[in-house]
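The lines below spell out each chain.
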Amino acid sequence: MPNIRRPRKGSLQFWPRKRASKFLPRVNWSSISSKKRLKGFICYKAGMSSAYVKDDTPNSMTKGKHIIVPVTLLECPPMKIFSVRFYKNGLIKTEVLAENLDKELEGKVKMPGKKTHSIEEIRDYDDLRIICYSQVKKTGIKKTPDLSEIGLSGSLEEKLNFVKENIRKEINVSDIFEKKHLVDIHGLTKGKGFSGPVKRFGITLKQHKSEKGRRRPGSLGPWHPARVTFRTPMAGQLGMFTRVTYNNSIIDLGSSQEKGKTERKLKNIKNYGDILTSYLIVAGSVQGPAKRQLLVTNPLRETKKQAKKAYELVELR
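These numbers come from a predicted model, not from an experiment.

Enquirer: How should unusual backbone geometry be read in this particular structure?
Expert: If a residue is not glycine, its phi is most likely negative; likewise, a peptide bond is most likely trans. For the bond running from H224 to P225, omega is 5 degrees, close enough to zero to count as cis. Structurally, the position occupied by P225 is in the loop between α2 (197-201) and β9 (236-238). Even without being a glycine, N59 presents a positive backbone phi close to 65 degrees. By the element assignment, N59 lies in the loop between β1 (40-55) and β2 (66-76). Non-glycine residue N89 carries a positive phi angle of around 55 degrees. Relative to the helices and strands, N89 is located in the loop between β3 (79-88) and β4 (91-97). Taking relative accessible area as the criterion, N89 reaches 63% and is therefore assigned exposed.

Spelled out as structure tokens, the structure:
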């Protein structure tokens, strides 16, 4: 039998291929740096559109010209602090619940027991992070808020001061991100349910006279070892996987209440409706269907090529 000279089917980088356990994925905040104090923000995917922009990218073939680029619209309702987590040696030491939480959280979110400490009483810790919740009721897409742990940058004193200043305030996306900056977007892909090996792993169809089906592998493996290995492409779950899109450029951000060039284009979005709060417009596509909750963070590995790209929004089409 001749040697098989082809790449294997399907990436082993993501394994097992199973449905994710939660919508907002865990992030290694210690590896992300940020100029602003907060390192991330909870957003919701509204849909895609085309933007008519002026290209200001250095050394670009279209520099100074107007071009059309695909963009994704993300709605970013304000966040509030739910609790503060104190860490010691990489483990959670204690968690302090914030005061004056929204009434909508009761019955929607599991509330911890009675508060036993205040923030000033906590001693002997080496890191702290905050649990934030989105005020998604302002968007009109649902009522249950999404919670996520978000890291802070700076020294311990600077982190603690940020928490004290903002523990009773709303945090807006404009306080964290700016135009023409890069962001990473963490979230789940669109769920596609139970799929066969052709769609799931991209194996080729067998010839038309094959027995027992064309859209399946020719063999599940050798006699010995007498078992089916995990490398065999088989049918199973496809989609609802945790993925990250790196280095998305922010073309525009603002609020839907502001009257301007994007006001009319933020309404009647297919499968979503109207954007009623703050928004981000990022270049390119983002994983997930409409209304999918996403975690937008500062870039983990910013590249020079993406950082050079600079678009000035003229019109949203």
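Now that the structure has been shown, the text picks up again.
Enquirer: Whenever I open this one, the sheet that holds β3 confuses me. Can you help?
Expert: Adjacent strands of a sheet form backbone hydrogen bonds with each other and so pair up, either parallel or antiparallel. The sheet built from 4 strands is open, its strands ordered β4-β3-β5-β6 with antiparallel pairing. In this open sheet, the two strands that pair with only one neighbour each are β4 and β6 (147-150). Within the sheet, the average angular offset between the axes of one strand and its neighbour, ignoring direction, is 30 degrees.

Enquirer: Any chance you could explain empty space enclosed by the protein here in plain terms?
Expert: Enumeration over the complete set of coordinates arrives at 2 cavities of 30 Å³ or more. Its boundaries defined by the atoms lining it, the largest cavity holds a volume of some 60 Å³. Along the walls of the largest cavity sit D102, E104, L105, Y133, S134, Q135, V136, K137, K143 and P145, which together make up its complete lining. Tallied by class, the residues present in the lining of the largest cavity amount to 4 nonpolar, 2 polar and 4 charged.

Enquirer: Please explain the packing of aromatic side chains as it appears in this structure.
Expert: Given two aromatic rings, one states the distance between the centres and the angle between the planes to describe the pair. For the structure on display, the rule yields 4 aromatic pairs. Judged by centre distance (6.4 Å) and plane angle (90 degrees), the rings of F82 and Y133 are edge-to-face. You can see F82 sitting in strand β3 and its partner Y133 sitting in strand β5 (residues 127-134), a full 51 residues away along the chain. Each of the two residues, F82 as well as Y133, counts as buried. Ring pairs connect the aromatic residues W15, F201 and F230, which therefore count as one cluster.

Enquirer: Help me understand the pairing of strand β12 (residues 293-297) in this model?
Expert: A regular strand carries its side chains on alternate faces of the sheet. Buried residues dominate β12, accounting for 5 of its 5 residues. Burial along β12 is two-sided: Q293, L295 and T297 and L294 and V296, pointing in opposite directions, are all buried. As judged from the 5 bridges shared by β1 and β12, these two strands associate in the antiparallel manner. In the sheet register, G40 faces β12, and the bridge partner there is T297. For strand β7 (residues 182-188) and β12, the ladder comprises 3 bridges, and the chain directions are antiparallel. Across the sheet, the residue bridging to H186 is L295, located in β12.

Conventions used here
For every chain, the first residue of its written sequence is number 1, and the numbers climb from 1 along that sequence. In keeping with the predicted nature of the model, local features appear solely for residues at pLDDT of at least 70, side-chain atom pairs appear and are counted solely at 80 or more, and the whole-chain, interface and lining totals rest on all residues. Values reported for side chains reflect all heavy atoms of the structure, with hydrogen atoms and water molecules removed beforehand. Comment: elements are numbered from the N terminus, with helices defined as DSSP H or I runs of at least four residues and strands as E runs of at least two. Categorising residues by exposure relies on relative accessible area from a 1.4 Å probe, with only protein chains included: less than 20% of the type maximum marks a residue as buried, more than 50% marks it as exposed, and the intermediate range marks it as partly exposed. A pair of strands is treated as paired once DSSP finds two or more bridges between them. Every axis corresponds to a line fitted to the C-alpha atoms, with the helix fit spanning only the stretch in contact, and the corresponding angles, defined between N-to-C directions, vary from 0 to 180 degrees. Cavity and pocket criteria rest on a 1 Å grid covering protein atoms alone: a 1.4 Å probe that fits but cannot get out defines a cavity, protein on both sides within 12 Å along at least 5 of 7 lines defines an open pocket, and an atom within 4 Å of a point defines a lining residue. Grid points are joined across faces, edges and corners, and a volume is the space filled by probe spheres set on the points. Basically, the charged four are Asp, Glu, Lys and Arg, the nonpolar ten are Ala, Val, Leu, Ile, Met, Phe, Trp, Tyr, Cys and Pro, and anything else, Gly included, counts as polar. Pairing of aromatic rings covers Phe, Tyr and the six-membered ring of Trp, with a centre-to-centre limit of 6.5 Å; geometry is then stacked below 30 degrees between planes, edge-to-face above 60, and tilted otherwise.

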